[in-house]
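Results of the structural survey
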Amino acid sequence: MPGWGEAGFWGLLAGSALLIGAVAGFSAQVPRRITASVMAFGAGVLLSAVSFELIAGAHEQAGLLPVAFGTAVGALAYTGANILLARRGARHRKRSGNEQPSEQELPGSGTAIAVGALLDGVPESVVIGASLLGGGKVSLVTVVAVFLSNVPEGLSSAAGMRQAGRSRRWILLLWSAIALASGVSALAGYALLGGSPPAVLATITALAAGAILAMITDTMVPEAFENAHLLVGLITVLGFLVAFAFSSHA
């Protein structure tokens, strides 16, 4: 399989977890405490991948300056875009309760939620594609981390969308499109960054890491803390350690 095809496959595989979670979130009455606990575990897994796969890898590749610059720019870009989307109704896009507004309450909020979901998934997918550059193997730790974090994201978001009165068709089409976009983003990460100098690759990787870190604290942690606050710290650490153990033996 050509490198771009492999990148697209892994990105699509990781993104498909969003659709799996969405089907579960719409079809089943999953208790919010369980959803929140899984979200906390996914956040811990993703934090580990960002720390040991993305930031550490970028630092080893090009040093501190590109990493610091890229991480800061990524966090700023994500936060700025998230603020704009939050004002249009996408602030609670990963919440499983009745926090999400309906289209009647806030026209255009459905589009904002869709764009927000895309904003959350693109940085992760780009990193998956970029990890294949130079003839190397895909970072399985990153793929697994994204997959495990995407399941509760899709589950929680779909449950909240159902509470807001959005249809099954709308929800499934949204997450199918985001899963496809994840594959395309991974392919683009491979195709567009091929041949780039190490400093550029490190900066892009760090930029994605900064966006992911901001996403975790802006959208995943609030849902986890709201419904599992007495255990959220412990569960997040457990997810972090499981991913670290996997990374250290990969």
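Quick look at the structure, then.

The rules behind these values
- Residues numbered from 1 in each chain as written.
- Predicted model: local features only at pLDDT ≥ 70, side-chain atom pairs only at ≥ 80, totals over all residues.
- Heavy atoms only, no water.
- Helix = DSSP H or I, 4+ residues; strand = E, 2+ residues; numbered from the N terminus.
- Buried < 20%, exposed > 50% of the residue type's maximum accessible area, 1.4 Å probe, protein only.
- Contact = heavy atoms within 4.5 Å.
- Areas by Shrake-Rupley, 256 points an atom, 1.4 Å probe, with all protein chains shown as cover.
- Lys, Arg positive; Asp, Glu negative; His and termini not counted.
- Charge placed at Lys NZ, Arg CZ, Asp CG, Glu CD.
- Expected span 1.5 Å × (residues − 1).
- Arc of directions from axis to C-beta.
- Axes fitted to C-alpha atoms, helices over the stretch in contact; angles between N-to-C directions.
- Parallel < 35°, antiparallel > 145°, perpendicular 65-115°, else oblique.
- Left-handed = near helix turned anticlockwise from the far one by under 90°.
- Patch = residues over 30% accessible without salt bridge, like charges linked within 9 Å, V, L, I, M, F, W, Y side chains within 5 Å.
- Salt bridge = Lys/Arg side-chain N within 4 Å of Asp/Glu carboxyl O.

The next subject is the overall build of the protein. In terms of helices and strands, the protein carries 8 helices and 0 strands. Ordered by position from N to C terminus, the α and β elements of the protein give α-α-α-α-α-α-α-α. Along the longest, intermediate and shortest principal axes, the C-alpha atoms of the protein span 50 × 35 × 35 Å. Burial analysis of the protein (250 residues in total) assigns 48% to the buried set. Across the protein, contacts joining residues at least 24 apart in sequence account for 85% of those joining residues at least 6 apart. As displayed, the protein has an accessible area near 11200 Å², and 70% of this comes from carbon and sulfur atoms. Placing the 13 positive and 12 negative side-chain charges of the protein at their respective mean positions leaves the two points 8 Å apart.

Quick look at helix 8 (residues 232-248) now. In a regular helix each residue adds 1.5 Å, so 17 residues correspond to 24 Å; helix 8 covers 24 Å between its end C-alpha atoms and thus fits that length. Within helix 8 the residues assigned to the buried category are Val-232, Ile-235, Thr-236, Gly-239, Ala-243 and Ser-247. Looking straight down helix 8, one finds that the buried residues subtend no more than 115 degrees of arc, so they occupy a single side.

Before going further, it helps to examine the packing of helix 5 (residues 140-163) against helix 6 (residues 168-193). The geometry of helix 5 relative to helix 6 is characterised by a closest axis approach of 10 Å and an angle of 150 degrees between their N-to-C directions. Taken together, helix 5 and helix 6 sit at an angle that is classed as roughly antiparallel. You can see that helix 5 and helix 6 cross each other, and the crossing is right-handed. Counted together, Ser-157, Ala-158, Met-161 and Arg-162 of helix 5 and Trp-170, Ile-171, Leu-174 and Trp-175 of helix 6 form the full contact between these two elements.

The grouping of Leu-140, Val-144, Leu-148 and Phe-246 at the surface amounts to a nonpolar patch, some 310 Å² of accessible area in total. With 3 residues, helix 5 is the largest single contributor of residues to the nonpolar patch. Within the secondary structure, Val-144 sits in helix 5.

Our focus in this paragraph is the environment of Leu-187. For Leu-187, the location among the structural elements is in helix 6. Judged by relative accessible area, Leu-187 falls into the partly exposed class, the value being 30%. The spacing of Leu-187 and Ile-128 is 59 residues in sequence and 8.8 Å in space, taken between C-alpha atoms. With residues near it in sequence (within four places) discarded, Leu-187 still touches Trp-4, Ala-7 and Gly-8.

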